[in-house]
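A look at the structure
For reference, the chains in residue letters:
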4 protein chains.
Amino acid sequence: MTESIAATAVSVPASADAPGAVERRGRPRNAAVGTAVIETVLRLLEEGVPLGELSMERIAREAGVGKATVYRRWAGKEALMLDVMRSLEHDAPELAGESVRDDLVTLLETLRRRGLAKRSSAVLRTVLAQIKAHPELWREYHEKVVRVRREAVHAVLRRGAATGELRADLDVELMGDLIVSPMLSRAMFHDRAELPEDLPGRIVDAALEGIRPR
Amino acid sequence: MTESIAATAVSVPASADAPGAVERRGRPRNAAVGTAVIETVLRLLEEGVPLGELSMERIAREAGVGKATVYRRWAGKEALMLDVMRSLEHDAPELAGESVRDDLVTLLETLRRRGLAKRSSAVLRTVLAQIKAHPELWREYHEKVVRVRREAVHAVLRRGAATGELRADLDVELMGDLIVSPMLSRAMFHDRAELPEDLPGRIVDAALEGIRPR
Amino acid sequence: MTESIAATAVSVPASADAPGAVERRGRPRNAAVGTAVIETVLRLLEEGVPLGELSMERIAREAGVGKATVYRRWAGKEALMLDVMRSLEHDAPELAGESVRDDLVTLLETLRRRGLAKRSSAVLRTVLAQIKAHPELWREYHEKVVRVRREAVHAVLRRGAATGELRADLDVELMGDLIVSPMLSRAMFHDRAELPEDLPGRIVDAALEGIRPR
Amino acid sequence: MTESIAATAVSVPASADAPGAVERRGRPRNAAVGTAVIETVLRLLEEGVPLGELSMERIAREAGVGKATVYRRWAGKEALMLDVMRSLEHDAPELAGESVRDDLVTLLETLRRRGLAKRSSAVLRTVLAQIKAHPELWREYHEKVVRVRREAVHAVLRRGAATGELRADLDVELMGDLIVSPMLSRAMFHDRAELPEDLPGRIVDAALEGIRPR
DNA sequence: CATTAACCGAGACGGTACGTCGAGTCTTGGC
DNA sequence: GCCAAGACTCGACGTACCGTCTCGGTTAATG
């Protein structure tokens, strides 16, 4: 197990670790513990363990960690899941910045890839459900993860409206939803068969051109 | 209790009742029990009881019903939730059939109203999470509820493509998602403030016209 | 099942049947039902079913009888067990009446045989426990079964005291216990290996002669 | 609760505690829990709670202890009852060792007193019934409790046979039963009225002298 | 001979207890 | 003070049985 920790090097967001100037005394925390726990959750989810069987009890046991230690770092199962989700976030993709259409496709492609990724797809469906049931957590997840991606889309759209590539009177928020939601829907609800390679392009083109004949 | 049952008249989908010619023996089931249970779940959800506290134990207790009786009708919490969701389904809206745009707006308006409805909004967010965590239930829900609504949208789009109101080479599935997903996203993830009255119209118009300047 | 009823012909004491002049109307009770129930209990006990698994539910099921029918005849499990015990009572043995010693041995032999009998030994140990836990039933059993046997012993002892075969100042009750209790103890607590053929004789002789050297 | 535990100081036989050199890790068991549970059972029995209402559920509830904790220490209700019984065992009485008759009377007097004791009488009748229904438990109880007392009686009898105070050809086992069984019978089956002060003496004398006139 | 009332099997019903498991806390010894 | 282990309280899980109740259907005595 220890080696898998070193190998995967999941970036633990260290939610509970005091970042400030609080003077800490006594034995410092073993960073490997946090990593091991999150790594264990991911492993179990990939192995197909149903969410209902993902008890703190089992997580601690399989991670070879004391239950109290887990609770010292996360307030509960949901807080842990939040960190699990964050450990899956990739860096925002580089945007070419030339064509609005291409940038939007690039952003959607990131979503598509994550929906297909072995880990993410297994995890997203299950962990998101867990988080959504807890409003505070959902809000936090929304703030820190969702909003960032939405903002990226909005920025591209605003740029397009400014350069004349898109309508000037664009409702940025609405069009952002129009473009992102279909991909989100498919990634969350459907099978991976419904995430073909050309989907991002088709969605963006449809949104750009509209349905009405010209 | 009896009166509240009669009063609300939730339509229980009678999941477990044998519809066929199976000869029933022994004391017949009391229909009021099924109604009372579902009604109790809805009441608790409306009262803001978190999903985690919605135990079968509590449901049975508050419905004044034996636990075994609940399990006799539903295989588990998820199966019960499925019926709870079904009890919320409204009839499909009447479509005027004249303008494609108006019909699409009408369909989205139904979704918006349900997202706003006191019951549905409270229930959808929580119960859906429950169901999604169980693949078989999710599939069944998808089959019986989601698919029907998607088909309605597809039918309107096909009609539009046939009458020349929309592009003839329309990708019906894709455009259906483009129109429905934004509303679903908002209804499920966001606050009710994000479901303004004119949203259906704006979504449909955006999808019809596209973003690119003409 | 029906044949086994006819075959064994257990004498059901018909505890609940009104013997008096209560005018009965409607369909009379089916006598075979009572027999079948008691017969089923005995069969299950003989098959080694632990007392804890002897539920009314199971008894009714295995007897092919409705639960309500059982409760129509017996107030509860204990009342049923009482009748089961009574169905095992044999007639009092014939006493030769010549020698006090031989009569006592005859009486003890009856106990010994019952302790050895396949049915009785299996049943006594288990059913008695059940009954003893319910004071009213225990009292009734004591009245109707135990007392009769004790009286028989007392009668023999009194006869012996009168004829000079025994001490004239005999404490009949005490000596009755002295003779009967060892046999009861062994029959109830021990294995059948501790009920050898000559036990009644040895007990009676020991009680008659005493331990002190003469 | 804590004080009542300290006050009564029931000696818990610590059935499940490993006595050996097994290295124990984790939080050690709270000895007060075992005591509190047994004390609660005794209290309930004294209060006349019928055996049938003595559920593990209730015992745990009234002892202020988690159900799982009870099951961690005892395999079931019967195992618990076994320890309850053992907590009632007194030390063997001191025997004067001069007269066989007096020693036997002393031993019987112990039984009589226990039959009269508030706790024991209430408990014995009910708990014994429970235990007897479970062969393994009964065997264990027999081994650890009954056999010891029988051996004490046998030892006295053997001594008497050796010193000439009793017959040399004495059947020790049989005579042991002859003396102990009547007391056991009365203590278990009858009311306390049937345990008069002079009963031990009368039983022993009757057994010693026999019934036949000299 | 039709009525009628109690019988019967089946099984649903509200309860209660079963024995297990997980959540989150606490308490050891050891690092 | 951190850590693994594991005991602790609490409460839900899903099952089984209790004793009662309602069904459809039978069966004998009554009218």
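Because the structure is predicted, anything quoted here is derived from the model rather than measured. (Residues numbered from 1 in each chain as written. Chains lettered and ligands numbered in written order. Predicted model: local features only at pLDDT ≥ 70, side-chain atom pairs only at ≥ 80, totals over all residues. Heavy atoms only, no water.)

1. Let's talk about the overall build of chain A
Just so we agree on the cut-off: The helix count covers DSSP runs of H or I at least four residues long, the strand count covers runs of E at least two residues long, and both are numbered beginning at the N terminus. The buried label goes to any residue with under 20% of its type's maximum accessible area, the exposed label to any with over 50%, and the partly exposed label to all in between, with areas taken from a 1.4 Å probe on protein chains only. Contacts were defined at the residue level, with two residues in contact if any of their heavy atoms lie within 4.5 Å. Working definition of accessibility: Shrake-Rupley area with a 1.4 Å probe, residue cover restricted to the visible protein chains.
Broken down by element type, chain A carries 10 helices and zero strands. Of all 214 residues assigned to chain A, the portion counted as buried reaches 48%. Contacts spanning at least 24 positions in sequence make up 66% of the contacts within chain A whose residues lie at least 6 apart. When the accessible area of chain A is evaluated, it comes to approximately 10600 Å², of which 52% is carbon and sulfur surface.

2. Some details on the protein's contact with DNA strand E
What counts is decided by this rule: To be near a molecule or strand, a residue needs just one of its heavy atoms within 4 Å of it. Polar contact is the term for a pair of N or O atoms within 3.5 Å; when the atoms are in protein, one must be able to donate a hydrogen and the other to accept it, and sequence-neighboring residues count only if both atoms are side-chain atoms. Amino acids are sorted into nonpolar (Ala, Val, Leu, Ile, Met, Phe, Trp, Tyr, Cys and Pro), charged (Asp, Glu, Lys and Arg) and polar (every other residue, Gly among them).
In the neighbourhood of DNA strand E, 45 residues make up the surrounding shell, with A:Tyr71, B:Arg73, D:Met56, D:Glu57 and D:Tyr71 lying closest. When atoms of DNA strand E within 4 Å of the protein are sorted by moiety, sugar and phosphate together comprise 67%. Separating a phosphate oxygen of DNA strand E from a backbone N or O atom of B:Asn30 is a distance of 2.9 Å. One nitrogen or oxygen atom from the side chain of C:Arg29 is found 3.3 Å from a phosphate oxygen belonging to DNA strand E. Those elements giving two or more residues to the surface near DNA strand E turn out to be helix 3 (56-63) and helix 4 (67-73) of chain A, helix 4 (67-73) of chain B, helix 4 (67-73) of chain C together with helix 3 (56-63) and helix 4 (67-73) of chain D. Looking at which element gives the most residues to the surface near DNA strand E, the answer is helix 4 of chain B, with four residues. Residue composition of the surface near DNA strand E, grouped by class: 13 nonpolar, 13 polar and 19 charged.

3. Quick look at the confidence of the model for chain A
Keep this limit in mind: A residue's pLDDT is the confidence the predictor assigns to it, expressed on a 0 to 100 scale.
Per-residue confidence for chain A gives a mean pLDDT of 79, with 76% of residues at or over 70. Segment residues 1-22 of chain A is flagged for pLDDT under 50; beyond a separation of four residues in sequence, or across chains, it makes 28 contacts in the model.

4. Notes on the interface of chain B and chain A
Quick note on the threshold: A 1.4 Å probe defines the accessible area here, and the buried area is the portion of it lost by two parts on being joined, summed over both. For salt bridges, the criterion is a side-chain nitrogen of Lys or Arg within 4 Å of an Asp or Glu carboxyl oxygen.
Of the residues lining the interface, 37 residues belong to chain B; the matching set on chain A comes to 37 residues. Together, the buried faces of chain B and chain A total about 4000 Å²; carbon and sulfur atoms form 58% of this surface. Taken together, chain B and chain A are joined by four salt bridges. A:Asp171 is the partner of B:Arg202 in a salt bridge, and the nearest nitrogen-oxygen pair spans 2.5 Å. At the surface where chain B touches chain A, the tally comes to six residue pairs in polar contact (both at pLDDT 80 or more).

5. Concerning the protein's contact with DNA strand F
Surrounding DNA strand F, one finds 46 residues, the nearest of these being A:Asn30, B:Glu57, B:Tyr71, C:Arg27 and C:Tyr71. Within 4 Å of the protein, the atoms of DNA strand F are drawn from sugar and phosphate moieties in a proportion of 67%. Between DNA strand F and the protein, one listed contact pairs a base oxygen with a side-chain N or O atom of B:Arg27 at 2.9 Å. Within the contact set of DNA strand F, a phosphate oxygen lies 2.7 Å away from a side-chain nitrogen or oxygen of D:Arg73. Secondary-structure elements contributing two or more residues to the surface near DNA strand F are helix 4 of chain A, helix 3 (56-63) and helix 4 of chain B, helix 3 (56-63) and helix 4 of chain C together with helix 4 of chain D. Grouping the constituent residues of the surface near DNA strand F by class yields 13 nonpolar, 13 polar and 20 charged.

6. Overview of the environment of B:Lys77
When you line up the elements, B:Lys77 lands in helix 5 (residues 77-88). Linking B:Lys77 and B:Leu54, residues 23 residues apart in sequence, is a C-alpha distance of 9.1 Å.

7. Quick look at the environment of D:Lys67
Residues and elements named next belong to chain D. In this structure, Lys 67 sits in helix 4. Since its relative accessible area comes to 38%, Lys 67 is described here as partly exposed. For the pair Lys 67 and Met 56, spaced 11 residues apart in the sequence, the C-alpha separation amounts to 7.3 Å. Within polar-contact distance, the side chain of Lys 67 engages the side chain of Glu 57 at 3.4 Å.

8. Description of the side chain of A:Arg86
For A:Arg86, the position within the fold is in helix 5 (residues 77-86). Looking at A:Arg86, the relative accessible area reads 18%, which means it is buried.

9. Topic: the relation of the copies chain B and chain A
Put simply, the rule reads: For this overlay, a least-squares fit was computed on C-alpha atoms, restricted to residues scoring pLDDT of at least 70 in both copies.
Rotating chain B by 180° and translating it 0.1 Å along the rotation axis places it on chain A, where the RMSD comes to 0.1 Å. Both copies are brought into coincidence by an operation consistent with a two-fold rotation axis. Within chain B, the C-alpha atom positioned nearest to the axis of rotation is that of B:Gly210, 1.8 Å from it. With an isologous cut-off of 70% or more, the 97% of interface residues of chain B that recur at the interface of chain A puts this contact in the isologous class.

10. What to know about the UniProt feature "DNA-binding region" (unreviewed entry) in chain A
Just so we agree on the cut-off: UniProt positions are given in the numbering used here, feature names are shortened, and annotations may be inferred rather than shown by experiment.
The feature "DNA-binding region" (unreviewed entry), as annotated in UniProt, sits at residues 55-74 of chain A in this numbering. Annotation note: span residues 55-74 of chain A, helix share 75%, strand share 0%, distance between end C-alpha atoms 14 Å.

11. Re the packing of helix 2 (residues 31-46) of chain B against helix 3 of chain B
Residues and elements named next belong to chain B. Definition in use: A fitted line through C-alpha atoms represents every axis, and for helices the fit uses only the stretch in contact; the resulting angles, taken between N-to-C directions, go from 0 to 180 degrees. Should an angle fall under 35 degrees it is taken as roughly parallel, and over 145 as roughly antiparallel, whereas 65 to 115 is taken as roughly perpendicular and any remaining angle as oblique. Take the far helix as the reference: if the near one is turned anticlockwise from it by less than a right angle, the crossing is left-handed, and if turned clockwise, right-handed.
The contact between helix 2 and helix 3 brings their axes to 9 Å, and the two run at 110°. Judged by the inter-axis angle, helix 2 sits roughly perpendicular to helix 3. Classified by chirality, the crossing of helix 3 by helix 2 is right-handed. Facing helix 2, whose interface residues are Ala 36, Val 37, Thr 40, Val 41, Arg 43 and Leu 44, helix 3 presents Arg 58, Ile 59, Glu 62 and Ala 63. Looking at side-chain class alone, the contact of helix 2 with helix 3 contains six nonpolar, one polar and three charged residues.

12. Considerations on helix 6 (residues 100-116) of chain D
All names here are of chain D. Keep this limit in mind: In a helix, the anticipated span is given by 1.5 Å times the number of residues less one.
The end-to-end C-alpha distance of helix 6, which contains 17 residues, comes to 24 Å, matching closely the 24 Å that a straight helix rising 1.5 Å per residue would cover. Buried within helix 6 are the following residues: Val 100, Asp 103, Leu 104, Val 105, Leu 107, Leu 108, Glu 109, Leu 111, Arg 112, Arg 114 and Gly 115. Between the side-chain oxygen of the N-cap and the backbone nitrogen of Arg 101 there are 3.2 Å, and the N-cap of helix 6 in question is Ser 99.

13. A short note on the pattern of salt bridges
This structure, assessed with the given rule, holds 65 salt bridges over all chains. For A:Asp177, the salt bridge goes to B:Arg186, with nearest N and O atoms at 2.8 Å. Residue A:Asp177 is found in helix 9 (residues 172-189), and its partner B:Arg186 is found in helix 9 (residues 172-189); the two belong to separate chains. On the accessibility criterion, B:Arg186 (8% relative accessible area) is buried.

14. Some details on the packing of helix 2 (residues 31-46) of chain C against helix 5 (residues 77-86) of chain C
All names here are of chain C. It is at 10 Å that the axes of helix 2 and helix 5 come closest, and there the two elements cross at 80°. Regarding the angle of helix 2 to helix 5, the classification is roughly perpendicular. From helix 2, Val 37, Ile 38, Val 41 and Leu 42 reach across to helix 5, where they touch Leu 80, Met 81, Asp 83 and Val 84. Classifying every residue of the contact of helix 2 with helix 5 by side-chain character gives seven nonpolar, no polar and one charged.

15. Comments concerning the side chain of B:Asp177
The exposure class assigned to B:Asp177 is buried, which follows from its relative accessible area of 4%. Beyond its immediate chain neighbours, meaning those up to four positions away, B:Asp177 contacts A:Pro182, A:Arg186, B:Arg150 and B:Pro182.

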